[in-house]
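# Architecture and fold: a report
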Amino acid sequence: MPGVSDPFAVIAAERRALADLVESLDAEQLAVRSLCGAWSVQDVAAHLLVGPTASLREFGVAMLRARGRFEVANDLMVRNRRHLGPAELAALLREHAGSRFTPPTFDWHAPLSDLRIHRLDMTVPLGLEPGMTPEPWPDVLDFLLTPKARGAFVPGGRPPLALHATDVAWQGGEDRKSTRLNSSHRCISYAVFCLKKK
């Protein structure tokens, strides 16, 4: 199966599409609780700016305040951007669309997966179509099923299922209980990623 040929071009397009989405939302929609913990839709958009815009100093201070707990530091850096309105968030997403930031020890799969999954975190509770093209999903799905991604993205572990997408050529997972999940690429990605909430 061919992978994404120019991943950072795809990531840039994802950030620009996210900017369009954020810009289209009103204050009530932005305040809706997302599917990512206690964060609002606006908080999730702010989170997706942390990687491309946070300085080493900001990250270091956040880690010190969080006593080395990355998830707490991440939340602190989101709070630092909570004052940004939709126009500012959209402008920064466009300005930094071409960022090649990747978390330490990860490659481009991490920001691509983060953008795609968090877009679902934002659009599902709003009842909106995510408006994503299917082509990048196999790369995201393959990444989410790797041991490295399971540790960082899905610490709850994945279910013992053989996963089969119905709208892209992809399958993965394990069928230890002879249970199969046949669903769309979006549902499979979200089912795998939601395990982080366990």
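Residues numbered from 1 in each chain as written. Predicted model: local features only at pLDDT ≥ 70, side-chain atom pairs only at ≥ 80, totals over all residues. Heavy atoms only, no water.

### Looking at helix α5 (residues 70–79)
Test applied: Each residue is assigned to one of three classes by its accessible area relative to the maximum for its type, calculated with a 1.4 Å probe on protein chains only: buried under 20%, partly exposed between the two thresholds, exposed over 50%. A run of DSSP states H or I qualifies as a helix once it reaches four residues; a run of E qualifies as a strand once it reaches two. Both are numbered from the N-terminal end. Two residues form a contact once any of their heavy atoms are found within 4.5 Å.
For α5, the complete set of buried residues consists of Ala73, Asn74, Asp75, Leu76, Met77 and Val78. On the buried face of α5, the contacting elements are α3 (41–53) and α4 (56–65).

### Observations concerning the nonpolar core
What counts, and what does not: Here, nonpolar core refers to any group of buried Ala, Val, Leu, Ile, Met, Phe, Trp, Tyr and Cys residues whose side-chain atoms link them within 4.5 Å.
Membership of the largest hydrophobic core comes to 49 residues, with the highest contact counts inside it found for Leu18, Val22, Leu89, Met122, Trp137 and Trp170. Counting residues per element, the ones that place at least two in this core are α1 (7–24), α3, α5, α6 (86–95), α7 (109–126), α8 (137–144) and β1 (162–165). Not counting residues within four places of it along the chain, the set of residues in contact with Val22 comprises Leu30, Ala45, Pro86, Leu89, Leu93 and Met122.

### Considering unusual backbone geometry
With a phi angle near 55°, Arg67 is a residue other than glycine that sits in the positive phi range. Position of Arg67 among the secondary structure elements: in the loop between α4 and α5. On the basis of relative accessible area, Arg67 is assigned to the exposed category, the value being 74%. The residue Thr105 is not glycine, and still its phi comes out positive at about 75°. Within the element layout of this structure, Thr105 appears in the loop between α6 and α7.

### Thoughts on the packing of α3 against α7
For clarity, the threshold we go by: Axis angles are defined between N-to-C directions and span 0 to 180 degrees, where every axis is a line fitted to C-alpha atoms and, for a helix, only to the segment in contact. To sort the angles, those under 35 degrees are grouped as roughly parallel, those over 145 as roughly antiparallel, those from 65 to 115 as roughly perpendicular, and the leftovers as oblique. Under the scheme applied here, ten amino acids are nonpolar (Ala, Val, Leu, Ile, Met, Phe, Trp, Tyr, Cys and Pro), four are charged (Asp, Glu, Lys and Arg), and all others, including Gly, are polar.
For the pair α3 and α7, interaxial distance at closest approach is 10 Å and the crossing angle is 170°. For the element pair α3 / α7, the angle class is roughly antiparallel. Across the interface between the two elements, Val41, Val44, Ala45, His47 and Leu48 of α3 pack against Asp114, Leu115, His118, Met122 and Leu126 of α7. Its residues placed into classes, the contact of α3 with α7 shows seven nonpolar, two polar and one charged.

### Notes on the environment of Val32
Relative to the helices and strands, Val32 is located in the loop between α2 (27–30) and α3. Between the C-alpha atoms of Val32 and Met122, which are 90 residues apart in sequence, the distance is 8.7 Å. Aside from chain neighbours lying at most four places away, what touches Val32 is Ser40, Val41, Pro125 and Leu126.

### Notes on the packing of aromatic side chains
Quick note on the threshold: Stacked, tilted and edge-to-face pairs are distinguished by plane angle, under 30 degrees for stacked and over 60 for edge-to-face with tilted covering the rest, among Phe, Tyr and Trp rings (Trp via its six-membered ring) whose centres lie within 6.5 Å. Charge-over-ring placement is defined geometrically: NZ (Lys) or CZ (Arg) within 6 Å of the ring centre, and within 35 degrees of the ring normal.
With the rule as written, the count across this model stands at two aromatic pairs. Here Phe59 and Phe70 contribute two aromatic rings whose centre-to-centre distance is 6.4 Å and whose plane-to-plane angle is 50°, an arrangement assigned as tilted. Taken together, the residues Phe59 in helix α4 and Phe70 in helix α5 connect sequence positions eleven residues apart. On the numbers, 6.1 Å between centres and 80° between planes, the contact of Phe106 with Phe143 is edge-to-face. Separated by 37 residues along the polypeptide, Phe106 in the loop between α6 and α7 and Phe143 in helix α8 bring together distant segments of the chain. As far as burial versus exposure is concerned, Phe106 and Phe143 are alike and both buried. Over the ring of Trp137 we find Arg116, and its NZ or CZ is 5.0 Å from the ring centre. Between the NZ or CZ atom of Lys148 and the centre of the ring of Phe106, over which it lies, the distance is 4.8 Å.

### Overview of the pattern of salt bridges
Pairing between side chains of opposite charge can happen when their charged atoms approach one another. For the record, the criterion: One speaks of a salt bridge when a side-chain nitrogen belonging to Lys or Arg is within 4 Å of a carboxyl oxygen belonging to Asp or Glu.
Throughout the structure, instances matching the rule amount to six salt bridges. The salt bridge involving Arg116 is made with Glu14; its shortest N-O contact spans 2.8 Å. Residue Arg116 is located in helix α7, and its partner Glu14 is located in helix α1; the two are separated by 102 residues in the primary sequence. Residues Arg116 and Glu14 agree in their burial class; the two are buried. Linking Arg81 and Glu58 is a salt bridge whose minimum nitrogen-to-oxygen distance equals 2.6 Å.

### A look at the packing of α1 against α7
Under the convention used in this document: A clockwise turn of the near helix away from the far one marks a right-handed crossing, whereas an anticlockwise turn of less than a right angle marks a left-handed crossing.
Where α1 contacts α7, the two axes come as close as 10 Å, and the packing angle between them is 20°. Classed by the angle they form, the pair α1 and α7 counts as roughly parallel. Between α1 and α7 the crossing geometry is left-handed. Of the residues in α7, those touching α1 at Val10, Ile11, Glu14, Arg15, Ala17, Leu18, Leu21 and Val22 are Pro111, Leu112, Leu115, Arg116, Arg119, Met122 and Thr123. When the residues that make up the contact of α1 with α7 are grouped by side-chain class, the tally is ten nonpolar, one polar and four charged.

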